[in-house]
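# Survey of secondary and tertiary structure
Here are the chains, one letter per residue:
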Amino acid sequence: MLGNFTYCNPTKLYFGEKSLEALNTELPKYGQNVVLVYGGGSIKKNGIYDDVVAILKAQGKNVAEIAGVMPNPTLTKLYEGIEIARAHHADFILAVGGGSVCDYAKAVSVSVNCQDDPWEKYFVRFEEPDCETLPVGCVLTMVGTGSEMNAGSVITNEKTKMKIGHVFADEKIMPRFAILNPLYTLTLPHYQMVAGIYDIFNHICEQYFSGEDDNTSDYISEGLMRSLLHASRIANKNPNDYEARSNIMWTATWALNTLVAKGKSTDWMVHMLGQAAGAYTNATHGMTLAAVSLPYYRHILPYGLKKFVRFAENVWGVDPKGKNDQEIAEEGLASMESWMQEMGLAMNLTQLGADASMIEGMAKATLILKGGYKVLDHDEIVEILKESL
Ligand code: NZQ
Ligand code: ZN
């Protein structure tokens, strides 16, 4: 295992059917003025809103709301939320929703007491907050991003068509606690469920496909991927299978809570391509990743052949007998393609509303990272995006 690292993850998790009760334990730790953040209304339909508000009231909290946080939250919405939190003299932010709501709550948290423009400071210059931040708690309703136990926040600047994620270095930006009740995820539409499943899978891939040393993180990743594939097939047929949905929820958290990145350089180019596509189409995050993944992995396969062979054998159960490395690796990706089709994932960007006129803009909006098996140049990005259409 190469590299020097520090590991600290302070998010306290409450998991299971009764986990919302933990709000009664957690809320007294924070100030009176709470900002409740949620999305477009799913929590009002399924009753989670009523249950959360009842606990906030019972705890005597003074509550302001930021409602209508959209999937792929925008900068305009962020400015609006900062004003609400400032006017309320917020002490604490409670996010009830999916990754978009959790990410947004973190972005408000680091901006409320900050004089600089948050877009320029955090999403262009990637600075750390030098002001007081607000603690965030999270009640998760959509599974996939891992935002419930990490310091990531992704915001879309709808004017410049840039969708940028900042993973803050300071662990105090991670939610102080997260409530994970698998029952809350049962009302998700099938499309969102499978998009989340692919998001989880790809988070693991992004960390797995880097480095050549013998690394414990890779063995953990293979186990997480195998568990996810198993549970995803059950949930795809029967979305109400609690055991499968609870395993998916737990896997999502561990896929992106910094553990399996330890000792790794990590790749993240599928996310950079997917985010650029997302900025142009506003498509569901996991679907943008699915649409660009296979062209990307087939492109980098020759540069990381050994790892793709290991992926084929250890994750997809490819039998290596009588095959050369290239054949084994390709069979692994073919198995992955069949699974993606079985799940009903978006297999290209055209399905998500993209067309050839967007390719150059998307390519320019794709940040080039250096941790994977091949550092792409602009022409390769254009080529991969074209193959993804
Ligand atoms: O807005 P509502 O009405 O709540 O509906 C949401 C939304 O339309 C719905 N939904 C959520 N829970 C539901 C539900 N519908 C019925 N029943 C429920 N229980 O699902 C839709 C999608 O929600 P959203 O929060 O947008 O999904 P997700 O969790 O995938 O979050 C996506 C955002 O997270 C970012 C993405 O880029 C995107 O902006 N990411 C954040 C990361 C991080 N913090 O580390 C990493 C990820 O790679 C990702 O980039
Ligand atoms: Zn993701």
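The structure contained in this document is the topic of the report that follows. (Residues numbered from 1 in each chain as written. Chains lettered and ligands numbered in written order. Predicted model: local features only at pLDDT ≥ 70, side-chain atom pairs only at ≥ 80, totals over all residues. Heavy atoms only, no water.)

## Examining helix α11 (residues 285-300)
- Between its first and last C-alpha, α11 extends 22 Å over 16 residues, near the 22 Å set by a 1.5 Å rise per residue.
- Remark: the principal bend of α11, roughly 40°, maps to Ser 293, with a proline, Pro 295, within the next four residues.
- The element α11 is largely enclosed, with a buried count of 15 among its 16 residues. (Helix = DSSP H or I, 4+ residues; strand = E, 2+ residues; numbered from the N terminus. Expected span 1.5 Å × (residues − 1). Bend = angle between axes of the 7 residues up to and from the residue. Buried < 20%, exposed > 50% of the residue type's maximum accessible area, 1.4 Å probe, protein only.)

## Looking at the site of ligand 1
- Of all residues adjacent to ligand 1, which total 30 residues, the nearest are Gly 40, Ser 42, Gly 99, Ser 100 and Asp 103.
- Taking Tyr 184, its main chain carries an N or O atom lying 2.9 Å from a nitrogen atom of ligand 1.
- Measuring from an oxygen atom of ligand 1, one finds a side-chain N or O atom of His 203 at 2.8 Å.
- Relative to its unbound accessible area of 960 Å², ligand 1 is 89% covered by the protein chains. (Near = heavy atom within 4 Å. Polar contact = N/O pair within 3.5 Å; in protein donor to acceptor, adjacent residues only side chain to side chain. Areas by Shrake-Rupley, 256 points an atom, 1.4 Å probe, with all protein chains shown as cover.)

## Things to note about the packing of aromatic side chains
- Counted according to the given criterion, the structure contains 22 aromatic pairs.
- When the ring of Phe 15 is compared with that of Trp 250, the centres are 5.5 Å apart and the planes differ by 70°; the resulting orientation is edge-to-face. One end of the pair, Phe 15, is in strand β1 (residues 12-15); the other, Trp 250, is in helix α9 (residues 242-255), and 235 residues separate them in sequence.
- Each ring, one from Trp 250 and one from Trp 254, has its centre 5.7 Å from the other, and the planes form 70°; the classification is edge-to-face. Of this pair, Trp 250 and Trp 254 both sit in helix α9, 4 residues apart, which is roughly one turn of the helix.
- The ring of Tyr 49 carries Lys 44 above its face, with NZ or CZ at 4.6 Å from the centroid.
- Residue placement shows Lys 161 over the ring face of Tyr 280; its charged tip is 5.7 Å from the ring centre. (Phe/Tyr/Trp six-rings, centres within 6.5 Å; stacked < 30°, edge-to-face > 60°. Lys NZ or Arg CZ within 6 Å of the ring centre and 35° of its normal.)

## Concerning unusual backbone geometry
- Of note, the phi angle at His 89 is positive, near 50°, even though the residue is not glycine.
- Residue His 89 is classed as exposed on the basis of its relative accessible area of 59%.

## Re a nonpolar patch on the surface
- Taken together, Met 1, Phe 5 and Tyr 7 make up a surface patch of nonpolar side chains, about 300 Å² in accessible area.
- Relative to the helices and strands, Tyr 7 is located in the segment before β1. (Patch = residues over 30% accessible without salt bridge, like charges linked within 9 Å, V, L, I, M, F, W, Y side chains within 5 Å. Salt bridge = Lys/Arg side-chain N within 4 Å of Asp/Glu carboxyl O.)

## Examining the coordination of the zinc ion (ligand 2)
- Coordination of the zinc ion (ligand 2) by the protein comes from Asp 199 (OD), His 203 (NE2), His 271 (NE2) and His 285 (NE2), over a distance range of 2.0 to 2.1 Å.
- Spacing between the donor residues of the zinc ion (ligand 2) along their common chain follows D-x3-H-x67-H-x13-H. With Asp 199 and His 203 both in helix α7 (residues 190-208) and 4 residues apart, this pair spans about one turn of that helix. Like Asp 199, the residue His 203 is buried in the burial classification. (Donors = N, O, S within 2.8 Å, 3.2 Å for Na, K, Ca; no water.)

## Observations concerning the side chain of Thr 133
- Within the secondary structure layout, Thr 133 lies in the loop between α6 (118-124) and β5 (136-140).
- When near neighbours in sequence (up to four residues on either side) are disregarded, Thr 133 contacts Ser 109, Val 110, Lys 172 and Ile 173. (Contact = heavy atoms within 4.5 Å.)

## Here we look at the pattern of salt bridges
- Here the structure, examined in full by the defined rule, presents 16 salt bridges.
- Asp 170 is the partner of Lys 172 in a salt bridge, and the nearest nitrogen-oxygen pair spans 2.8 Å.
- Of the residues examined, Lys 172 reaches a relative accessible area of 36% and is grouped as partly exposed.
- Using a relative accessible area of 29% as the deciding quantity, one classes Asp 170 as partly exposed.
- Look at the salt bridges and you will find they share partners, linking Asp 116, Lys 121, Arg 125, Glu 127 and Asp 130 into a network.

## Considering the sheet that holds β1
- Taken in spatial order, the 6 strands make up an open sheet running β1-β8-β5-β4-β2-β3, and their pairing is parallel. At either margin of the open sheet sits one strand with a lone partner, and together these are β1 and β3 (62-66). In this sheet, adjacent strand axes meet at a mean angle of 20° when their direction is disregarded.
- Two elements, strand β2 (residues 33-38) and β3, share 5 bridges in a ladder whose sense is parallel. Within the sheet, the bridge partner assigned to Val 35 lies in β3 and is Ala 64.
- Most of the contacts of helix α4 (residues 75-87) go to β3, to which it runs at about 165°, and overall it touches β2 and β3.
- Helix α5 (residues 99-111) contacts β2, β3, β4 (92-97) and β5 of the sheet and is inclined by roughly 165° relative to β4. (Pairing = 2+ DSSP bridges. Axes fitted to C-alpha atoms, helices over the stretch in contact; angles between N-to-C directions.)

## Here we look at the state of the cysteines
- Scanning all chains against the criterion turns up 0 disulfides.
- Looking at the unpaired Cys 8, the closest cysteine sulfur is the one in Cys 138, lying at 18 Å. (Disulfide = S-S within 2.5 Å.)

## Considering a negative patch on the surface
- Residues Glu 360, Asp 377, Asp 379, Glu 383 and Glu 387 make up a contiguous surface patch of negative charge.
- Considering every element that reaches the negative patch, the biggest residue donor is helix α15 (residues 378-388), with 3 residues.
- The partly exposed category is assigned to Glu 387, whose relative accessible area is 48%. (Lys, Arg positive; Asp, Glu negative; His and termini not counted. Charge placed at Lys NZ, Arg CZ, Asp CG, Glu CD.)

These results come straight from atomic positions and should not be treated as a statement about function.
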